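# Structural features, examined
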Amino acid sequence: MYLNHLTMGKKLRYSFLLTLLFLPLFSWGQCPTAVSISSSEGNNICQGTEVTFTANVTNGTSPFTYQWQIDGSNVGSATNSNTYTSSSLSNNQKISVIVTDANGSACSVTSSAYTMTVNTNRTPGVSLTSSTNSVCPGQNVTFTATSSYGGPNPQYDWYINSSSSPAQSGSSNTFTTAAFNSGSNTVKVVLTSNYSCVTNTTAEATSPTITVRPGTPSQPGSISGTVEICPGTTQTYSIAAVPDASSYVWTLPSGWSGNSTNNSINITVGSSSGTISVAAKNDCGTSTTRDLAITVKPGTPAQPGTITGEASVCPGISQTYSISSVVNAAAYNWTVPSGWTITGSDSGNSIDVTTGTSGGSISVSAYNDCGTSNTKTLNVSVQPGTPATPGSISGETEVCPGTTNTYSISPVNGATTYNWTLPSGWSGSSTTNSIQLTAGSSGGTIEVEAINNCGTSSAQTLNITVKPGTPAVPSTINGNTAVCPGTTETYTIAEVPDATSYTWTIPNGWSGTSTSNSITLTTGSSGNGAISV
């Protein structure tokens, strides 16, 4: 009747009024025709969610009673409430309701089942890893959060140590930072989950301890050790220990040797100067170096050259010995044979000595702070010295003028030659221990000296007397020139100066002798003859 009136266009206003007037009359006494269920939370919920179901009845006569059922089983008794509330639903449970109106059970309707999807509640979780657990100051560490049940758009808040303000917030599950304190540190991440069903919305995790190691060590202090040194020597250099250094790096001049990783080093010095450097080191870096300039001295001098000076000397005399200056020598050491004395400085490259009586070696070495050279040696011999005074001169001490005489001495030990000195007017020469002389007209002294390279001895002397010489021709013989035979005659001459005797010659057959200037003769028997004297 209603639908007819709705479709009749010409009588539309009348039909609507009629429907309003008579609809109650037609509806009274009609059973419910349908009932639907609505849910306050829909049909997809989390476990434990409180849901209110509402029955929506079509037609029927109130009051209505409602029998709620889960999976076909009544939930409690029927009530006049069209709602049912539960927070203990399980997945796939079916909610239905039987509605009975005022006309009794004959006038009831059952709803369709309202199937619930109940999702198990999950507990969000988060774990945290770091790219490293030990860093140097200023070194970044990257932390990575791995979440469970974080939902499609989890949020992460990152905290360093005990800070209450996040260092980073957002959807990134990584966090990179170097903002650590020295020593031990931790990073915390708080996960905020948007997973649909969770027991709570946040979870947190704390990183393993992040240790910030000591930073690059500071520059070492002063290097202790000798700064002027000799080549080839062993030297020790050191520094005070540097805080937080785990080892040390030493750098040496070219040609030096030595190795160390601690704060002290033993070094063998090379031949050239340079700089010793040391740096402190740990895992986080190497410090600025500390330097020490080293001067290498010239080293032990070379062996001196040839010693200049007499190799064969006389005893007790002054001599000078020298060498050329040796490069880098500070002074010299001289030694001389036993019994010799150095009369001046003994540290220069020249010495003055007084020789002894025996030979040996003169040696010299050059030295400086770095050592003493090999010695240079000169072998020296000492000659016998000035000969002794010769012994007695053998030979005639009274000679005739113009005569040749030989004089001699015994050889003198150590003499190489002899020097003879003659009286004035005498002649002869010799360098041996014997000499032949031609006497002069006057006497004097014969002297002889023994000589060698070391000197001339005192003279030995011999006084010589020269006799007067051959007497002059006697003067006229006095006596008879005509005599009788057998008579005695005397003949004389004047005395001849310097004559010591006379030699008379008489005629044959005569007799008589004399060595004086007078002779007595016995004449012969006949003939002539000559008397000479």
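This text goes with the structure placed above it.
What comes next concerns the included structure. (Residues numbered from 1 in each chain as written. Predicted model: local features only at pLDDT ≥ 70, side-chain atom pairs only at ≥ 80, totals over all residues. Heavy atoms only, no water.)

Another aspect to go through is the overall build of the chain. Counting its regular elements, the chain contains two helices and 44 strands. Taking 2.2 N^0.38 as the reference for a compact globule, 533 residues should give roughly 24 Å; the C-alpha atoms of the chain span a radius of gyration of 78 Å, well beyond that estimate. The principal-axis extents of the C-alpha atoms in the chain amount to approximately 260 × 50 × 35 Å. When burial is assessed residue by residue, the chain has 33% of its 533 residues classed as buried. Carbon and sulfur atoms provide 46% of the accessible area of the chain, an area that totals close to 28600 Å². Of the side-chain charges in the chain, 12 are positive and 21 negative, and the distance between the mean point of each set is 57 Å. (Helix = DSSP H or I, 4+ residues; strand = E, 2+ residues; numbered from the N terminus. Rg over C-alpha atoms; globule rule 2.2 N^0.38 Å. Buried < 20%, exposed > 50% of the residue type's maximum accessible area, 1.4 Å probe, protein only. Areas by Shrake-Rupley, 256 points an atom, 1.4 Å probe, with all protein chains shown as cover. Lys, Arg positive; Asp, Glu negative; His and termini not counted. Charge placed at Lys NZ, Arg CZ, Asp CG, Glu CD.)

Size it by volume and the largest pocket reaches roughly 320 Å³. Together, 21 residues line the largest pocket, and N480, T481, Y491, W510 and G529 are the ones closest to its centre. In terms of residue class, the lining of the largest pocket is built from 10 nonpolar, 11 polar and no charged. (1 Å grid on protein atoms, 1.4 Å probe; cavity = no way out; pocket = protein on both sides within 12 Å on 5 of 7 lines; lining within 4 Å. Points joined across faces, edges and corners; volume = space filled by probe spheres on them. Nonpolar A, V, L, I, M, F, W, Y, C, P; charged D, E, K, R; others polar.)

Now for unusual backbone geometry. With an omega dihedral of 0 degrees, the bond running from S62 to P63 counts as a cis peptide bond. Positionally, P63 belongs in the loop between β3 (51-59) and β4 (65-70). Of note in this structure, D71 is not a glycine but carries a positive phi near 50 degrees. Positive phi outside glycine occurs at Y149, with the angle close to 55 degrees.

Here we take up the sheet that holds strand β32 (residues 350-354). With antiparallel pairing, three strands are arranged side by side in an open sheet as β29-β32-β31. Only two strands of the sheet have a single neighbouring strand rather than two, namely β29 (318-322) and β31 (341-342). Relative to β32, β31 runs antiparallel, the two being bridged by two bridges. If you follow T341 over to β32, its bridge partner there is T354. (Pairing = 2+ DSSP bridges.)

As a rule of thumb, nonpolar side chains are buried together in soluble globular proteins. The biggest cluster of nonpolar side chains holds 19 residues, and the ones touching the most others in it are F53, W68, L89, I95, V97 and M116. Not counting residues within four places of it along the chain, the set of residues in contact with L89 comprises I45, V51, F53, I70, I95, M116 and V118. (Core = buried A, V, L, I, M, F, W, Y, C linked by side-chain atoms within 4.5 Å. Contact = heavy atoms within 4.5 Å.)

Going residue by residue along strand β37 (residues 404-408), you find N405 and Y407 tucked away on one face and T404, T406 and S408 left uncovered on the opposite face. Sheet topology places β37 next to strand β39 (residues 434-438); five bridges connect them, and they run antiparallel. Opposite T404, over in β39, you have T438 as the bridge partner.

For the rest of this paragraph, the subject is the sheet that holds strand β16 (residues 174-177). Across the sheet, three strands lie side by side as β11-β13-β16; this open sheet has antiparallel pairing. Sheet topology places β11 (125-130) and β16 at the edges, where each strand pairs with a single neighbour. Averaged over all pairs of adjacent strands, the angle between strand axes in this sheet comes to 20 degrees, irrespective of strand direction. Two strands pair when backbone bridges link them, and β11 and strand β13 (residues 141-148) are joined in this way by six bridges, in the antiparallel orientation. Residue pairing across strands places S130 opposite F143, the latter belonging to β13. (Axes fitted to C-alpha atoms, helices over the stretch in contact; angles between N-to-C directions.)

The full count for this structure, using the stated rule, is five disulfides. Shown here is the disulfide that connects C31 with C107, its sulfur atoms set 1.6 Å apart. The disulfide joining C31 to C107 has a torsion of about -135 degrees about its S-S bond and is therefore left-handed. A residue pair is termed long-range when its members are at least 10 positions apart, and C31 in the loop between α2 (12-27) and β1 (32-39) and C107 in the loop between β7 (94-100) and β8 (108-110) qualify at 76 residues. Exposure remark for C107: the relative accessible area of 1% places this residue in the buried category. Note that C46 is cross-linked by a disulfide to C197, the S-S spacing being 1.9 Å. Because the torsion about its S-S bond is -90 degrees, the bridge between C46 and C197 counts as left-handed. On the criterion of sequence distance, the pair formed by C46 in strand β2 (residues 44-46) and C197 in the loop between β18 (187-192) and β19 (202-206) is long-range, its members being 151 residues apart. Just as C46 is buried, C197 falls in that class too. (Disulfide = S-S within 2.5 Å.)

A word on the pairing of β29. Burial along β29 is one-sided: Q319 and Y321 are buried, while S318, T320 and S322, pointing the other way, are not. Note: β29 against β32, five bridges, orientation antiparallel. Across the sheet, the residue bridging to S322 is S350, located in β32.

Topologically, A78 is positioned in the loop between β5 (73-74) and β6 (83-86). Exposure remark for A78: the relative accessible area of 44% places this residue in the partly exposed category. For A78 and I98, which are 20 residues apart along the polypeptide, the C-alpha to C-alpha distance reads 8.7 Å. Setting aside its immediate chain neighbours within four residues, A78 contacts Y66 and Q67.

Within this structure, the stated rule accounts for two salt bridges. In this structure, the salt-bridge partner of D283 is R213, at a minimum N-O distance of 3.9 Å. Residue D283 is found in the loop between β25 (274-282) and β26 (285-286), and its partner R213 is found in the loop between β20 (210-212) and β21 (228-229); the two are separated by 70 residues along the sequence. By relative accessible area, D283 is classed as exposed at 62%. The class of R213 is partly exposed, set by a relative accessible area of 22%. A salt bridge links D369 to K297; the nearest nitrogen and oxygen atoms lie 3.1 Å apart. (Salt bridge = Lys/Arg side-chain N within 4 Å of Asp/Glu carboxyl O.)

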